[in-house]
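A closer look at the structure
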Amino acid sequence: MLDALGREINYLRGSVTDRCNLRCCYCMPRGAVNWLPSNTLLTDEQILRICRLATGLGISRLKITGGEPLLRPGLPELIGRLKQLPGVEQVTLTTNGLLLQPQLEPLLKACLDAVNLSLDTLQPACFSRITGADGAKLLPLLSLLRDLTQHTPLKVKVNTVILGENQSELPQLADLARQLPTDVRFIERMPLGCHRSGNPGQTVPPTPRQLLAQLRQKWPDLHAVHEVRGNGPASYYASKTLQGRIGLIAAVSDSFCASCNRLRLTCTGQLKSCLCYDYGADLRPLLQPGVTDQQLEAALKAAIWYKPAAHCFADATGLVRQKFQTEIRCMNEIGG
Ligand code: SAM
Ligand code: SF4
């Protein structure tokens, strides 16, 4: 379906939990977290119903996210059922990978198409500083990445958030695209929720453009390629010495809103048409008995039609923010 601005909306990122086993510094607060009550999370049946109606409106690609989606019991079964919905072309997963190995076989049986592995560093001490977890957890993740790319049919991408903390290793992270058949995508940190004002005192990291210039010192033939490699906003670059591509997601400095194709479903049933705003359709009342598919579908259509024109992450004037309320929830709660 097209929104009011003529953008084709065909991609839904669905969060299945707010829980997480890490505390990435750009995503969640450190320390004790008040998780959402379990009985407010959408059930598998509710997620399936929303996705079935969404596919009827042209959504063909689904991304499962969270929190850490692999913490949700029965995730492979849910993915298998989503894959079977008419109109679904692709179901992919974004994960920190810590719980992936034991669930890999059922996920492959469920015909999962691709995995995005979040990996912000190659150094255990830095892993610990960024995620708040034991740095010893990093090495198994790196060997899992090798296994996924070399011994499974899954398409694999590495997602790295550009931070002051990891900026000195960004070229080494990019080098994973030389060593392995994987794309490495660098994401600009978005000022969201509990991290709206950034992390004071931190070194200012490079913008994606500055990073590209830095990577060109290592790979001078790095050139833009116009290929469809994912569902979204990354710009991709190739070099003849790289197996995969380098992706840049300039979420703040280079708005890609004019071609945005996505919706987000939070784990409690809010349908968000832009990550930036606390704005969307609360589907929960429409999931109660007695509400028809037509009524639920009308809410989906309205959320698509009224998708905001642009985010306001870089809005220094505050003008856009006066008009709409900006998102105050943390990324794990919304579904990144
Ligand atoms: N736990 C899973 C993971 O880490 O992949 C899925 C959820 S996580 C919220 C999804 C993606 O959002 C990750 O790639 C993460 O790096 C990214 N992310 C979280 N907070 C962000 C922020 N403030 N700015 C940019 N990306 C962010
Ligand atoms: Fe957890 Fe993913 Fe957020 Fe890190 S980015 S805290 S792994 S939800």
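A quick note: this is a predicted structure, and the numbers were derived from the prediction, not measured. (Residues numbered from 1 in each chain as written. Chains lettered and ligands numbered in written order. Predicted model: local features only at pLDDT ≥ 70, side-chain atom pairs only at ≥ 80, totals over all residues. Heavy atoms only, no water.)

**With respect to the site of ligand 1**
Heads up, the condition is: Any residue with at least one heavy atom within 4 Å of a molecule or strand is counted as near it. Polar contacts, as counted here, are pairs of nitrogen or oxygen atoms within 3.5 Å of one another; within protein the pair requires one atom able to donate a hydrogen and one able to accept it, and residues that are adjacent in sequence qualify only if both atoms are side-chain atoms. Here the Shrake-Rupley method, with its probe set to 1.4 Å, supplies the accessible areas, and only the displayed protein chains count as covering residues. Here a strand is any run of E in DSSP of at least two residues, a helix any run of H or I of at least four, and the numbering for each starts at the N terminus. We call Asp, Glu, Lys and Arg charged. Ala, Val, Leu, Ile, Met, Phe, Trp, Tyr, Cys and Pro are nonpolar, and the rest, Gly among them, are polar.
For ligand 1, the set of nearby residues contains 18 residues, the closest of which are Tyr-26, Gly-67, Thr-94, Ser-118 and Met-190. Between ligand 1 and Glu-68, the relevant distance is 3.2 Å, taken from a nitrogen atom to a side-chain nitrogen or oxygen of the residue. One of the backbone nitrogen or oxygen atoms of Thr-95 is found 3.3 Å away from an oxygen atom of ligand 1. Isolated, ligand 1 exposes 550 Å² of accessible area, and the fraction of that covered by the protein chains is 95%. Only strand 3 (90-95), strand 5 (155-162) and strand 6 (183-188) provide two or more residues apiece to the shell around ligand 1. A per-class count over the shell around ligand 1 returns six nonpolar, nine polar and three charged.

**Here we look at the site of ligand 2**
Near ligand 2 the following residues occur: Cys-20, Leu-22, Cys-24, Tyr-26, Cys-27, Met-28, Gly-67 and Asn-96. Across the shell around ligand 2, the residue classes tally to six nonpolar, two polar and no charged.

**Quick word on the nonpolar core**
What counts, and what does not: By nonpolar core is meant a set of buried Ala, Val, Leu, Ile, Met, Phe, Trp, Tyr and Cys residues that side-chain atoms within 4.5 Å join together. A simple rule labels every residue: compare its accessible area, found with a 1.4 Å probe on the protein chains alone, to the largest value its type can have, and call it buried under 20%, exposed over 50%, or partly exposed in between. The contact definition used throughout considers only heavy atoms, calling two residues in contact when any of these lie within 4.5 Å.
Residues Leu-82, Leu-100, Leu-119, Phe-186, Ile-246, Leu-271 and Leu-283 are the most contacted members of the largest nonpolar core, which totals 94 residues. Once residues lying within four places of it in the same chain are set aside, the contact partners of Leu-119 are Leu-138, Leu-141, Leu-142, Leu-145, Val-158, Asn-159, Thr-160, Leu-173 and Leu-176. Residues Ile-187, Ala-234, Tyr-236 and Ala-238 belong to the second largest nonpolar core, which totals six residues.

**Comments concerning the packing of helix 1 (residues 44-56) against helix 2 (residues 75-83)**
Our working rule: Axes here refer to lines fitted to C-alpha atoms; in helices the fit is confined to the stretch in contact. Angles between the N-to-C directions go from 0 to 180 degrees. Under this scheme an angle from 65 to 115 degrees is roughly perpendicular, one under 35 degrees roughly parallel, and one over 145 degrees roughly antiparallel; angles in between are oblique. In this scheme the crossing of two helices becomes right-handed for a clockwise turn of the near helix relative to the far one and left-handed for an anticlockwise turn of less than a right angle.
Packing of helix 1 against helix 2 leaves a shortest axis separation of 10 Å and a crossing angle of 25°. By the angle between their axes, helix 1 is roughly parallel relative to helix 2. Crossing of helix 1 over helix 2 shows right-handed handedness. Side by side, helix 1 and helix 2 meet where Asp-44, Glu-45, Ile-47, Leu-48 and Cys-51 of the first sit next to Leu-78, Arg-81 and Leu-82 of the second. Its residues placed into classes, the contact of helix 1 with helix 2 shows five nonpolar, no polar and three charged.

**Looking at the pairing of strand 4 (residues 114-118)**
The condition is simple: Only strands joined by at least two bridges in the DSSP assignment are considered to pair. Handedness of a crossover: with both strands directed away from the viewer, a clockwise path from the first strand across the helix to the second marks it as right-handed.
Burial analysis of strand 4 places four of its five residues in the buried class, the great majority of the element. When strand 3 meets strand 4, the two strands line up parallel, connected through four bridges. Following the sheet pairing, Leu-93 is matched in strand 4 by Val-115. What joins strand 3 to strand 4 is helix 3 (residues 100-109), and the crossover it makes is right-handed. With five bridges connecting them, strand 4 and strand 5 associate as parallel partners. Its bridge partner being in strand 5, Asn-116 is matched across the sheet by Lys-157.

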